[in-house]
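# What the coordinates show
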Amino acid sequence: MGYELHIEREEPITLDEWKAAIARISGIDLNEEDTVVVNPATGQEIRFPAQSGDAIFESSNSSVGLRWSSRGAASFEPPENWDESGCTFRVRVLDLAKQLGAQVVGDEGEEYGL
């Protein structure tokens, strides 16, 4: 697992709040399907079961998964273009955090905004 960012606030985000906020954000959708990847060396199919609250952002050149946890926060690995001006995913995530009264915070405690 790489460096992660987290959507969090002082009061835990409930699953119902998370799902309602996701429904209001264009381009981020709940993902209720298992993720399946194939090991290129062996051809073995590896299945990761979907968890309640999982969400996904998909664009023409990338996709980013967001994982809500029962501790009341969500985490994701930022895409390579996270720091670029106009990163669509960043705009959507910051809007999502704002709707939840939350902040986007890195593993080292740094806060992200527009």
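The structure this text deals with has already been given above.
Being a predicted model, the structure only gives us computed values, none of them experimental.

So, about the pattern of salt bridges. Side-chain pairs of opposite charge can arise whenever the charged atoms involved come near each other. Enumeration according to the criterion identifies six salt bridges in this entry. For Arg9, the salt bridge goes to Glu17, with nearest N and O atoms at 2.6 Å. Accessibility expressed as a relative area gives 30% for Glu17, which makes it partly exposed. Here the salt bridges share partners, and the residues they tie into one network are Arg9, Glu11 and Glu17.

Our focus in this paragraph is the nonpolar core. Ranked by internal contacts, the top residues of the largest apolar core, which has 25 residues, are Ile7, Trp18, Leu66, Phe76, Phe89, Val93 and Val104. For this core, the secondary structure elements donating two or more residues are strand E1 (5-8), helix H1 (15-23), strand E5 (55-58), strand E6 (63-69), strand E7 (73-76) and helix H2 (88-99). Per-element tally for this core: the top contributor is H2, with five residues. Sequence-distant contacts of Val104, that is, excluding residues within four places in its chain, are made with Leu5, His6, Ile7, Phe76, Trp82, Val93, Leu94, Ala97, Glu110, Glu111 and Tyr112.

If you trace the backbone, Arg90 turns up in helix H2. In terms of polar contacts, Arg90 uses its side chain to reach the side chain of Asp83, at 3.5 Å.

Within a sheet, neighbouring strands are paired by backbone hydrogen bonds and run either parallel or antiparallel to one another. Reading across the sheet, the seven strands line up as E2-E5-E6-E7-E1-E8-E9 and stay open at both edges, with antiparallel pairing between neighbours. Every interior strand has two partners, whereas the edge strands, strand E2 (28-30) and strand E9 (111-112), have only one. Sheet topology places E6 next to E7; three bridges connect them, and they run antiparallel. Opposite Trp68, over in E7, you have Ala74 as the bridge partner. Most of the contacts of H1 go to E2, to which it runs at about 135 degrees, and overall it touches E1, E2, E5, E6 and E7. Packed on one face of the sheet, H2 meets E1, E2, E5, E6, E7, strand E8 (103-106) and E9 and runs near 120 degrees to E8.

Quick look at the pairing of E1 now. If a strand is regular, its side chains alternate between the two faces of the sheet. Here E1 pairs with E7 via three bridges, running antiparallel. Among the inter-strand pairings, Leu5 is bridged to a residue of E7, identified as Phe76. The sheet contact formed by E1 and E8 spans four bridges and is antiparallel. Residue pairing in the sheet places Ile7 in a bridge with Val104 of E8.

Thresholds, definitions, all that
Residues numbered from 1 in each chain as written. Predicted model: local features only at pLDDT ≥ 70, side-chain atom pairs only at ≥ 80, totals over all residues. Heavy atoms only, no water. Salt bridge = Lys/Arg side-chain N within 4 Å of Asp/Glu carboxyl O. Buried < 20%, exposed > 50% of the residue type's maximum accessible area, 1.4 Å probe, protein only. Core = buried A, V, L, I, M, F, W, Y, C linked by side-chain atoms within 4.5 Å. Helix = DSSP H or I, 4+ residues; strand = E, 2+ residues; numbered from the N terminus. Contact = heavy atoms within 4.5 Å. Polar contact = N/O pair within 3.5 Å; in protein donor to acceptor, adjacent residues only side chain to side chain. Pairing = 2+ DSSP bridges. Axes fitted to C-alpha atoms, helices over the stretch in contact; angles between N-to-C directions.

Everything listed here is a matter of coordinates, which is why it stays silent on function.
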